[in-house]
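# Geometric and topological summary
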Amino acid sequence: MKFSIKNCIYRGLFLFLTFGIVHLASAQHPTLREGEEEWHKTHHNRLAFFTGTTLVPTSIDHSSKEILFVPTYGLEYERGINAWLGIGIANEIELQNYVIQKSNSEVINRSFIYVVSVFVMVQPVKPLIIFAGPGYELTSSQNFSIFKVGASYIIDVGNKFDVSPEIALDQIADKYATFTFGISLGKRF
């Protein structure tokens, strides 16, 4: 399939933000002060399993508009610092071999990529979390530093479990960017 990764990112962000705005408009949320009081009564750690898809461009110089859909799985740990701020670590693995074409007929071989990132989370309103932070992408051939930015939307399903749709953009060094979307199943403790 031929898609523009830029258009996929914009469409994903639009859908994610539209869902969040509709939910916020239809529900009442406590103010930050009420949220801070409630925060002391809840569990501050979260462990989650992530499954999703990473969209990877096939060329760095945009000579090809094709993108690859790479299955991605991960494990996340988050710790709340207060009602609106937290930190976390994400471990992901992309389960596919692929080649990215450079502009001068060189290629970047990528195989079964392991991505680890640490991030700061901000919760501007109760179900929405925005996160950003540095990380590292490891393979057997070539490793790159990354910067991850994204958002998740926590949906409580009871008994300290939650489901969270997530989107993230990874800027891989100064080479290329990938877009990941998926869902995580988390447990608070």
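Computed from a predicted structure; not experimentally measured.

## Considering the overall build of the chain
Secondary structure summary: the chain contains 2 helices and 9 strands in total. The order of helices and strands in the chain, counted from the N terminus, is α-α-β-β-β-β-β-β-β-β-β. When the 189 residues of the chain are sorted by exposure, 38% land in the buried category. Within the chain, contacts between residues separated by at least 24 positions form 54% of all contacts whose residues are at least 6 apart in sequence.

## Looking at the environment of Gly-133
Mapping Gly-133 onto the fold places it in strand β5 (residues 128–138). On the basis of relative accessibility, which here comes to 5%, the residue Gly-133 falls in the buried class. Through-space distance from the C-alpha of Gly-133 to that of Ile-87 is 9.5 Å; in sequence the pair is 46 residues apart. Leaving out residues up to four positions away in the same chain, Gly-133 has contacts with Val-118, Phe-119, Phe-147 and Lys-148.

## Let's talk about unusual backbone geometry
Positive phi values are uncommon outside glycine, yet Asn-159 reaches one of about 55 degrees. Mapped onto the elements, Asn-159 comes out in the loop between β7 (155–158) and β8 (161–172). The phi angle at Ala-173 is positive, at roughly 45 degrees, despite the residue not being glycine. By the element assignment, Ala-173 lies in the loop between β8 and β9 (176–188). Overall, the relative accessible area of 30% leaves Ala-173 in the partly exposed class.

## Here we look at the side chain of Arg-46
With respect to the helices, strands and loops of the structure, Arg-46 is situated in strand β1 (residues 45–57). Of the residues examined, Arg-46 reaches a relative accessible area of 2% and is grouped as buried. Only 2.8 Å separates the side chain of Arg-46 from the side chain of Asp-162, close enough to count as a polar contact. Excluding residues within four positions of it along the chain, Arg-46 makes contact with Glu-76, Tyr-77, Glu-78, Ile-154, Asp-162, Ser-164, Ser-184, Leu-185, Gly-186, Lys-187, Arg-188 and Phe-189.

## A few points about the confidence of the model for the chain
Mean pLDDT over the chain stands at 83; residues scoring 70 or higher make up 77%. Within the chain, the lowest mean pLDDT, 53, falls on helix α2 (residues 32–39), and the highest, 96, falls on β8.

## Comments concerning a nonpolar patch on the surface
A cluster of nonpolar side chains, namely Leu-47, Phe-49, Tyr-73, Leu-75, Tyr-77, Ile-89, Ile-93, Leu-95, Phe-112, Tyr-114, Val-118 and Phe-189, defines an oily patch on the protein surface of about 1000 Å² accessible area. Secondary structure elements with two or more residues in the nonpolar patch: β1, β2 (67–80), β3 (85–101) and β4 (107–125). Note on Val-118: relative accessible area 42%, which makes it partly exposed.

## Here we look at the nonpolar core
Ranked by size, the top nonpolar core spans 11 residues in total: Val-56, Val-70, Tyr-98, Ile-100, Ile-108, Ile-113, Val-115, Phe-144, Ile-146, Ile-172 and Tyr-176. Secondary structure elements with two or more residues in this core: β3, β4 and β6 (144–153). The biggest single contributor to this core is β4, with 3 residues. Apart from residues lying up to four places away in sequence, Ile-146 is in contact with Val-115, Ser-117, Pro-134, Gly-135, Tyr-136, Glu-137, Asp-170, Gln-171, Ile-172 and Ala-173.

Reading the values: the criteria
Residues numbered from 1 in each chain as written. Predicted model: local features only at pLDDT ≥ 70, side-chain atom pairs only at ≥ 80, totals over all residues. Heavy atoms only, no water. Helix = DSSP H or I, 4+ residues; strand = E, 2+ residues; numbered from the N terminus. Buried < 20%, exposed > 50% of the residue type's maximum accessible area, 1.4 Å probe, protein only. Contact = heavy atoms within 4.5 Å. Polar contact = N/O pair within 3.5 Å; in protein donor to acceptor, adjacent residues only side chain to side chain. pLDDT = per-residue confidence, 0-100. Patch = residues over 30% accessible without salt bridge, like charges linked within 9 Å, V, L, I, M, F, W, Y side chains within 5 Å. Areas by Shrake-Rupley, 256 points an atom, 1.4 Å probe, with all protein chains shown as cover. Salt bridge = Lys/Arg side-chain N within 4 Å of Asp/Glu carboxyl O. Core = buried A, V, L, I, M, F, W, Y, C linked by side-chain atoms within 4.5 Å.

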